[in-house]
Amino acid sequence: MEQVLGQKKHWIYRAVSLLSFNGGFVNMVTFISFLHNPVGYVTGTLTFAADAFADGNFSLFYDMLLALLFFLGGAILSGLLTPKDSFERGNNYNLVIALEIFCLLSGGFGLRSGVDSAKYFLAAAMGVQNALSSHYGRSIIRTTHMTGTMTDFGILIAKKIGGQKIDNWRLVINTLLLVSFFWGGVVAVFLYKWFDYDALLFSVVLCFLMLKFQWTRRFLYFLLQKYPQLNFIKFGR
């Protein structure tokens, strides 16, 4: 796997786990609060929009349409900031995560203050995050919905059963994505019951952890390049 993009696999494992946990967390908050549909689940949002349009409920239709457009806008901004079609270090992730933090804070504090339209910022946050991970090797990584992940998981298991050779790291990544997303949702249920929309601050904390992780690694790389004598420093193994 390290030959694919030249990076340590445990760095990828930690990154996808945090991102997927956060995706499950935000999706659950929106599911059990105002939207009753995971904001990162575009398939569900499109289904709601189609149903509302057919029933003549144009208020709900426009609501779902705006959620889709904000998700799309978040993905576009994320794609502009991370033009490389791969999941690797130094790909402007700090800027993208900072953008997600802004969207989460805008959505959380807006909803807490009774500004209903602030919910669209949460859709934008999920669009930003989902476009963030992109590809790793031959795997497409998505961290705000799990339909594709479960499909890939099933295909990999089928190949394994059929005796075909597969990369075990792909099984690990898909497992981490699914498990982390699940536990993100579980934690969100309890925190939302206790703190209402303030629970979204937990998601912001997760993003700050990812930011700190990025900056720490960049600083270590800088040190190693400037001072080769420090090559005893090991990380990401």
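Keep in mind the model is a prediction, meaning the values are calculated, not measured. (Residues numbered from 1 in each chain as written. Predicted model: local features only at pLDDT ≥ 70, side-chain atom pairs only at ≥ 80, totals over all residues. Heavy atoms only, no water.)

1. Details of the overall build of the protein chain
What counts is decided by this rule: Working definition: helices are DSSP H or I runs of at least four residues, strands are E runs of at least two. Numbering for both runs from the N terminus. For every residue, the accessible area (1.4 Å probe, protein chains only) is compared with the maximum for its type, and the residue is labelled buried under 20%, exposed over 50%, or partly exposed between those bounds. Using a 1.4 Å probe, accessible areas were evaluated by the Shrake-Rupley method; residue-level cover was limited to the displayed protein chains.
Scanning the protein chain from N- to C-terminus turns up 9 helices and 2 strands. Along its sequence from the N terminus, the protein chain presents helices and strands in the succession α-α-α-α-α-α-β-β-α-α-α. In the protein chain, which comprises 237 residues, the proportion classed as buried is 45%. Split by element, the accessible area of the protein chain, about 12100 Å² in all, is 66% carbon and sulfur.

2. Some remarks on the state of the cysteines
As a reminder of what qualifies: Working definition: a disulfide is two cysteine sulfur atoms within 2.5 Å of each other.
Applying the stated criterion across every chain yields a total of 0 disulfides. Unpaired in this structure, C103 has its nearest cysteine sulfur neighbour in C207, at a distance of 9.9 Å. In this structure C207 comes out as buried when scored by relative accessible area, which is 0%.

3. Focus: helix 4 (residues 58–81)
What counts, and what does not: Expected span of a helix: the number of residues minus one, times 1.5 Å.
Between its first and last C-alpha, helix 4 extends 34 Å over 24 residues, near the 34 Å set by a 1.5 Å rise per residue. Among the residues of helix 4, those classed as buried are F61, D63, M64, A67, L68, F71, G74 and S78.

4. Notes on the nonpolar core
Quick note on the threshold: Residues belong to a common nonpolar core when they are buried Ala, Val, Leu, Ile, Met, Phe, Trp, Tyr or Cys residues joined through side-chain atoms within 4.5 Å. Here, two residues are considered to be in contact whenever any of their heavy atoms come within 4.5 Å of each other.
Of all hydrophobic cores here, the largest spans 48 residues; its most connected members are F25, I97, L104 and I173. Every element with two or more residues in this core is listed here: helix 2 (9–32), helix 4, helix 5 (93–112), helix 6 (119–133), helix 7 (147–161), helix 8 (168–195) and helix 9 (200–226). Every residue in contact with L104, bar those within four places of it in the chain, is listed here: V26, L122, A125, S203, V204 and C207.

5. Topic: a nonpolar patch on the surface
Short version of the rule: To count toward a patch, a residue needs a relative accessible area above 30% and no salt bridge. Like charges then connect within 9 Å, nonpolar side chains (Val, Leu, Ile, Met, Phe, Trp, Tyr) within 5 Å. Whenever Lys or Arg places a side-chain nitrogen within 4 Å of a carboxyl oxygen from Asp or Glu, that contact is recorded as a salt bridge.
Taken together, the side chains of F53, F58, Y62, L65, L66, L69, F70, L72, I76, L77 and L80 present a nonpolar region at the surface, about 1000 Å² in accessible area. The dominant element in the nonpolar patch, judged by the number of residues it contributes, is helix 4, at 10 residues. Within the secondary structure layout, L77 lies in helix 4.

6. Quick look at empty space enclosed by the protein
Any space left empty among the atoms is revealed by the rolling of a water-sized probe across them. Just so we agree on the cut-off: Here a cavity means grid points, on a 1 Å grid over the protein atoms only, where a 1.4 Å probe fits yet cannot get out; a pocket means an open set of points with protein on both sides within 12 Å along at least five of seven lines; lining residues are those with an atom within 4 Å of a point. Grid points are joined across faces, edges and corners, and a volume is the space filled by probe spheres set on the points. Residues are grouped as follows: Ala, Val, Leu, Ile, Met, Phe, Trp, Tyr, Cys and Pro are nonpolar; Asp, Glu, Lys and Arg are charged; all remaining types, including Gly, are polar.
Inspection of every chain in the model, using the stated rule, returns 3 cavities of 30 Å³ or more. The volume enclosed by the second largest cavity comes to roughly 60 Å³. In this structure, the second largest cavity is lined by L104, L105, G108, F109, R112, Y197, D198, L200, L201 and V204. At the level of secondary structure, the elements contributing two or more residues to the lining of the second largest cavity comprise helix 5 and helix 9. A total of 5 residues in the lining of the second largest cavity trace back to one element, the largest contributor, which is helix 5. Considering only residue class, the lining of the second largest cavity consists of 7 nonpolar, 1 polar and 2 charged.

7. A look at the side chain of T149
Within the secondary structure, T149 is located in helix 7. Beyond its immediate chain neighbours, meaning those up to four positions away, T149 contacts R142, N174, L177 and L178.

8. Digging into unusual backbone geometry
At D196, a residue that is not glycine, the phi angle is positive and equals roughly 55°. Tracing the backbone shows D196 in the loop between helix 8 and helix 9.

9. Brief notes about the packing of helix 7 against helix 8
Quick note on the threshold: Only the stretch in contact is used when fitting a helix axis, every axis being a line fitted to C-alpha atoms; angles between N-to-C directions are given from 0 to 180 degrees. Crossing handedness follows the turn of the near helix against the far one: under a right angle anticlockwise gives a left-handed crossing, and clockwise gives a right-handed one.
For the pair helix 7 and helix 8, interaxial distance at closest approach is 10 Å and the crossing angle is 145°. Crossing of helix 7 against helix 8: the hand is left-handed. Contact residues: helix 7 offers T149, M150, D152, F153, L156, I157 and K160, while helix 8 offers N168, R170, L171, N174, T175, L177 and L178. Here the contact of helix 7 with helix 8 is built from residues that sort into 7 nonpolar, 4 polar and 3 charged.

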